Amino acid sequence: MKRALSIAITATVLLGAAAALFHPGNAAIPLVQAAEGPFKVRPPKRAYSISPGDYDYVIDQLAIPYIKDKKIRDDYAKTHWCWTLAMDYLQHNPEPDPALLKKRAERLVARYRQD
C-alpha cells in the first residue's frame, strides 16, 4: 500500500514538473509585422439556415394574427411569445405569403380544437 502511494505521488510530481516545463506560456510568441495599406478582404457571408422545427415555430408564430377566434389566438400567443427566431428568419427571408399563413392558421385552429 505504501509502495503504491509512493509511486502515485512520484508520478504526480513528475507530471506536474513536465507540465510546468513544457507549458505553452513559456514558449516565445513570434511577432509578425502587419502589412501596410488598405485591405479589400471581406469576411465570408454566413450561410443562413433554420432547422425544420424552428421553421414550423416561425410560421406558426407568423400565422397567429390570422386566427379569427380571439381565445385560440390568445392561447397560441402565450405559447409562441419569443420572437427571436421570427425576427432572425425575417432578416434573411421575405415574409411568407399570406395564403400560406392563413392555411397554417386554419391548421392551428384544427389542432387546438382536436386537443
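Our structure's up above, just so we're on the same page.
No experiment lies behind these values; they were computed from the predicted model shown. (Residues numbered from 1 in each chain as written. Predicted model: local features only at pLDDT ≥ 70, side-chain atom pairs only at ≥ 80, totals over all residues. Heavy atoms only, no water.)

## A word on the nonpolar core
With 14 residues, the main nonpolar core has Val 58, Ala 63, Ile 67, Ile 72, Tyr 76, Leu 101 and Leu 108 as its most contacted residues. For this core, the secondary-structure elements that each account for two or more residues are helix 2 (52-63), helix 3 (70-79), helix 4 (84-92) and helix 5 (98-114). Residue contacts for Val 58: discarding those within four places in its chain leaves Ile 50, Leu 85, Ala 86 and Tyr 89. (Core = buried A, V, L, I, M, F, W, Y, C linked by side-chain atoms within 4.5 Å. Buried < 20%, exposed > 50% of the residue type's maximum accessible area, 1.4 Å probe, protein only. Helix = DSSP H or I, 4+ residues; strand = E, 2+ residues; numbered from the N terminus. Contact = heavy atoms within 4.5 Å.)

## Re the packing of aromatic side chains
Within this structure, the stated rule accounts for 2 aromatic pairs. Judged by centre distance (5.9 Å) and plane angle (65 degrees), the ring pair of Tyr 55 and Tyr 89 falls under edge-to-face. You can see Tyr 55 sitting in helix 2 and its partner Tyr 89 sitting in helix 4, a full 34 residues away along the chain. Relative accessible area serves as the criterion here: at 29%, Tyr 55 is assigned to the partly exposed category. A ring pair is formed by Tyr 76 and Tyr 112, whose centres lie 6.0 Å apart and whose planes are at 55 degrees; its orientation type is tilted. Of this pair, Tyr 76 sits in helix 3 while Tyr 112 sits in helix 5, and the two are 36 residues apart along the sequence. (Phe/Tyr/Trp six-rings, centres within 6.5 Å; stacked < 30°, edge-to-face > 60°.)

## Notes on the pattern of salt bridges
Counted according to the given criterion, the structure contains 5 salt bridges. Among the ionic pairs, Arg 104 bridges to Asp 56, the shortest N-O distance being 3.7 Å. Of this pair, Arg 104 sits in helix 5 while Asp 56 sits in helix 2, and the two are 48 residues apart along the sequence. For Arg 113, the salt bridge identified is with Asp 69, shortest N-O distance 3.9 Å. Here the residue Arg 113 occupies a position in helix 5, and Asp 69 occupies one in the loop between helix 2 and helix 3, the gap between them amounting to 44 residues. (Salt bridge = Lys/Arg side-chain N within 4 Å of Asp/Glu carboxyl O.)

## With respect to the environment of Asp 74
You can see Asp 74 is positioned in helix 3. For the pair formed by Asp 74 and Ile 64, sequence separation is 10 residues and the distance between their alpha carbons is 8.6 Å.

## Observations regarding helix 5
Over its 17 residues, helix 5 extends 24 Å from the first C-alpha to the last, a length consistent with the 24 Å expected when each residue adds 1.5 Å. Residues Leu 101, Arg 104, Ala 105, Leu 108 and Val 109 constitute the buried set of helix 5. Looking down the long axis of helix 5, one finds its buried residues gathered within 145 degrees of arc, a one-sided arrangement. Away from its buried face by more than 90 degrees, helix 5 exposes Lys 103, Glu 106, Arg 113 and Gln 114. (Expected span 1.5 Å × (residues − 1). Arc of directions from axis to C-beta.)

## Some remarks on the environment of Pro 96
Mapped onto the elements, Pro 96 comes out in the loop between helix 4 and helix 5. Residue class for Pro 96 comes out buried when judged on its relative accessible area of 10%. Put simply, Pro 96 and Ala 63 are 33 residues apart on the chain and 9.5 Å apart in space, counted from C-alpha to C-alpha. With sequence-adjacent residues up to four places away left out, Pro 96 is seen in contact with Ile 59, Leu 62, Tyr 89, Leu 90 and Leu 101.

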